[in-house]
Amino acid sequence: VLNVDEESVTVAQMIDYVKRRLLMEDKPVSLRRLLHNTHTERALICTFLAMLELVRLQAVLLHQPIPQGDILIKKTDNFEQIFTDQTQARDDWQ
């Protein structure tokens, strides 16, 4: 059985979503809270790939204070600079 969902979210959209969430808050964001509004498998996969891309770009740090605990997402010092330089934050995930 294949469930087809009309939601067509992309990794680039999820990168933008994570970026906006981190800009709104000064403290680290809980990955669990970030994923709370993710309702489809595709959106979950795109969010995961977006997090990997943001780590690769060195825009965010991921930290898990306790084993099996929540993962916290924190902006790096050069977070805003990475998005200012559009050549670094290219969209290869279309």
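Read on for a plain summary of the structure. A quick note: this is a predicted structure, and the numbers were derived from the prediction, not measured.

Cut-offs and rules
- Every residue gets a number counted from 1 within its own chain, in the order that chain's sequence is written.
- Restriction of local features to residues with pLDDT of at least 70 applies here, the model being predicted, together with a cutoff of 80 or more for giving and counting side-chain atom pairs; totals for whole chains, interfaces and linings are based on all residues.
- Here the side-chain values reflect all heavy atoms present in the structure, with hydrogen atoms and water set aside.
- Under the DSSP-based scheme used, a helix requires at least four consecutive residues in state H or I and a strand at least two consecutive residues in state E, with every element numbered from the N terminus.
- Residue burial is assigned from relative accessible area. The probe radius is 1.4 Å, only protein chains are included, and a residue is buried under 20% of its type maximum, exposed over 50%, and partly exposed in between.
- The contact criterion used throughout is that any non-hydrogen atoms of two residues lie within 4.5 Å.
- Strands are treated as partners if at least two bridges between them are detected by DSSP.
- Axis angles are defined between N-to-C directions and span 0 to 180 degrees, where every axis is a line fitted to C-alpha atoms and, for a helix, only to the segment in contact.
- A helix is expected to reach a length of 1.5 Å times the quantity of its residues less one.
- Working definition: the arc comes from the directions between the helix axis and the C-beta atoms, pointing outward to the latter.

1. As for the overall build of the protein chain
Looking only at helices and strands, the protein chain has four helices and three strands in total. The helix and strand sequence of the protein chain, counted from the amino end, reads α-β-α-α-β-β-α. By the burial criterion, 33% of the 94 residues in the protein chain qualify as buried. Residue pairs in contact within the protein chain that sit at least 24 positions apart in sequence constitute 57% of those at least 6 positions apart.

2. Some details on the sheet that holds strand S2 (residues 60–63)
One open sheet accounts for three strands, arranged S1-S3-S2; its pairing is antiparallel. Of all strands in the sheet, those bounded by a partner on one side alone are strand S1 (29–30) and S2. Here S2 pairs with strand S3 (residues 72–75) via four bridges, running antiparallel. Counted as the bridge partner of Val 60 is Lys 75 from S3. Along the sheet, helix H1 (residues 11–24) contacts S1, S2 and S3; its crossing angle with S3, the most-contacted strand, is approximately 75°. Along the sheet, helix H3 (residues 41–56) makes contact with S2 and S3, crossing S2 at roughly 115°.

3. Focus on unusual backbone geometry
Trans is the prevailing form of peptide bonds, just as negative phi is the prevailing case for residues other than glycine. Not every positive phi belongs to a glycine, and Gln 58 is a case in point at roughly 60°. Summarising the element assignment, Gln 58 is placed in the loop between H3 and S2. For Gln 68, which is not glycine, the phi torsion reads 65° and is therefore positive. As for its placement among the helices and strands, Gln 68 is situated in the loop between S2 and S3.

4. Some thoughts on H3
Given 3.6 residues per turn, any residue in an α-helix points the same way as the ones three and four places further on. The end-to-end C-alpha distance of H3, which contains 16 residues, comes to 23 Å, matching closely the 22 Å that a straight helix rising 1.5 Å per residue would cover. Of all the residues in H3, the buried ones are Ala 43, Cys 46, Thr 47, Ala 50, Met 51, Glu 53 and Leu 54. The buried residues of H3 occupy one face: seen down the axis, they fall within an arc of 165°. Looking at H3, the residues exposed on the side facing more than 90 degrees away from the buried face are Glu 41 and Phe 48.

5. Details of H1
With 14 residues, H1 ought to run about 20 Å at 1.5 Å a step, and its terminal C-alpha atoms sit 20 Å apart, in line with that. Residues of H1 that are buried: Val 11, Met 14, Ile 15, Val 18, Arg 21 and Leu 22. One side of H1 carries all its buried residues, which in axial view fall inside an arc of 130°. Of the surrounding elements, those touching the buried residues of H1 are S1, helix H2 (31–35), H3, S2, S3 and helix H4 (79–84).

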